[in-house]
Amino acid sequence: MIHIPVLSNEIVTSFEPFVDQSEIVYLDGTFGRGGHYKLLLEKNPNMQTIAFDQDPDAHAYAKEHFGDLIQSQKLKLYQDNFLNFDKHYQGGIDFALLDLGVSSPQLDRPERGFSFYHDGPLDMRMNNLEGETAADLVNNMSENDLVVLFKTFGEIHNPFRVVRAIIEDRKTTPFTTTKQLSGLIERVDGWRKKGFHPATQYFMALRLKVNRELEVVDQVLPKLMEKLNKNGRLAVITFHSLEDRIVKNLFRIYPELGEPLRRKVTHPTREEELANPRSRSAKLRVFVRT
Ligand SMILES: C[S@@+](CC[C@H](N)C(=O)[O-])C[C@H]1O[C@@H](n2cnc3c(N)ncnc32)[C@H](O)[C@@H]1O
């Protein structure tokens, strides 16, 4: 499935003050398939872009579709975690965007191991060249640590039976595939809510842990807020309530740096939710440097 950029009208609206400026720097921390980038470049063809994506597939795609912009250095794309943005760029930023989480191509390709609908290796690494996989966690974490992980990151009230079953099963057969884990969860927890796979929150918790998703957001936001030029903006799209809570809190606790553009969070319109069901849990917050 192609990736449809979420909340794109709202991102373009937040970008409005920069449309007529001749020299601006845009930092895209989550380049993906460049959907948001393309929209913003249409609005301001002069902008210089510093972009990041830790997924090698995103780079292969960018080379093919944005090769001329990379060649001319109008687009500098780094294969690194956005947490390390200041290793590659130390100047000021006018507009920054983090569109967190995974892209549709990552979710849909069984070999990336994010999906409980397709069988594939139990991987879930956005940067699949390094680090621990979801299988490593499921096979090696202690019973207690797995319970804590599913309770905190998955917000699962009672993960005990599933964790017990994992511990029993892995004694004889280590977990290697997504279906092995989703099948176990189906067997133990059963389907409770129509249309909501019982493995959804377990997979979400593992994904957050494998990619340290909450930790990097917590660490990068203050660094990005500091690097914004006067009147610069930082837009963050989240898909998880814990992530949104981090963004909401951090945007409020640095009044010396700036303030949230709007007090309330922005959700997709009903039309967008219908056209792109993956936008349903998206939330946008924008910080303005004052
Ligand atoms: C939701 S997609 C972004 C889609 C993009 N805005 C578009 O319109 O095509 C998130 C992308 O960010 C990348 N990503 C997520 N967290 C990252 C991080 N901490 N550092 C670098 N890239 C990250 C993922 O690999 C994925 O490709």
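Residues numbered from 1 in each chain as written. Predicted model: local features only at pLDDT ≥ 70, side-chain atom pairs only at ≥ 80, totals over all residues.

A. Spatial organisation of the overall build of the chain. Check the secondary structure of the chain and you find 14 helices and seven strands. Considered along the principal axes of its C-alpha atoms, the chain spans approximately 65 × 40 × 40 Å. Taken across its 290 residues, the chain has 41% of its residues classed as buried. A separation of at least 24 residues holds for 69% of the contacts in the chain among residues at least 6 apart in sequence. (Helix = DSSP H or I, 4+ residues; strand = E, 2+ residues; numbered from the N terminus. Buried ≥ 20, exposed ≤ 12 C-beta atoms within 10 Å, placed from the backbone. Contact = placed C-beta atoms within 7 Å.)

B. A look at helix α8 (residues 143-152). Every buried residue of α8 is listed here: Leu146, Leu149 and Phe150. Across the axial projection of α8, the buried residues extend over an arc of 90 degrees, all falling on one side. Buried residues in α8 make contact with α9 (160-172) and α11 (200-210). (Arc of directions from axis to C-beta.)

C. Summary view of the nonpolar core. Ranked by internal contacts, the top residues of the largest apolar core, which has 45 residues, are Ala96 and Leu234. Those residues in contact with Ala96 that sit more than four places away from it in its chain are Leu27, Gly29, Leu224, Leu228 and Leu234. Val102, Phe150, Ile156 and Ile166 belong to the second-largest nonpolar core, a separate cluster that totals 28 residues. (Core = buried A, V, L, I, M, F, W, Y, C linked by C-beta atoms within 7 Å.)

D. The domain arrangement of the chain, seen in detail. On domain assignment, one finds that the chain holds domain 1 (8-104 + 213-289) and domain 2 (128-210). For domain 1 versus domain 2, the distance between C-alpha centres works out to 31 Å. (Domains from an automatic or database assignment.)

E. How the structure looks around the site of the ligand. Near the ligand lie 21 residues; those nearest to it are Pro5, Thr30, Gly32, Gly35 and Asp55. Its residues assigned to classes, the shell around the ligand comprises seven nonpolar, ten polar and four charged. (Near = placed C-beta within 6 Å. Nonpolar A, V, L, I, M, F, W, Y, C, P; charged D, E, K, R; others polar.)

F. Quick look at the environment of Asn9. By secondary structure assignment, the location of Asn9 is in helix α1 (residues 8-15). Using a count of 11 C-beta atoms within 10 Å as the deciding quantity, one classes Asn9 as exposed. The spacing of Asn9 and Val138 is 129 residues in sequence and 40 Å in space, taken between C-alpha atoms.

G. How the structure looks around the environment of Glu213. With respect to the element layout, Glu213 can be found in helix α12 (residues 213-227). For the pair formed by Glu213 and Leu100, sequence separation is 113 residues and the distance between their alpha carbons is 8.4 Å. Excluding its chain neighbours within four sequence positions, the residues that come into contact with Glu213 are Leu100, Leu208 and Glu243.

H. View of α12. Spanning 15 residues, α12 covers 21 Å between terminal C-alpha atoms, matching the ideal 21 Å at 1.5 Å per step. The sharpest bend along α12 comes to roughly 30 degrees, located at Val220, with the proline Pro222 sitting one to four residues further on. Those residues of α12 that are buried lie in contact with β4 (93-99), α11, β5 (228-238), α13 (241-252), β6 (258-260) and β7 (283-289). (Expected span 1.5 Å × (residues − 1). Bend = angle between axes of the 7 residues up to and from the residue.)

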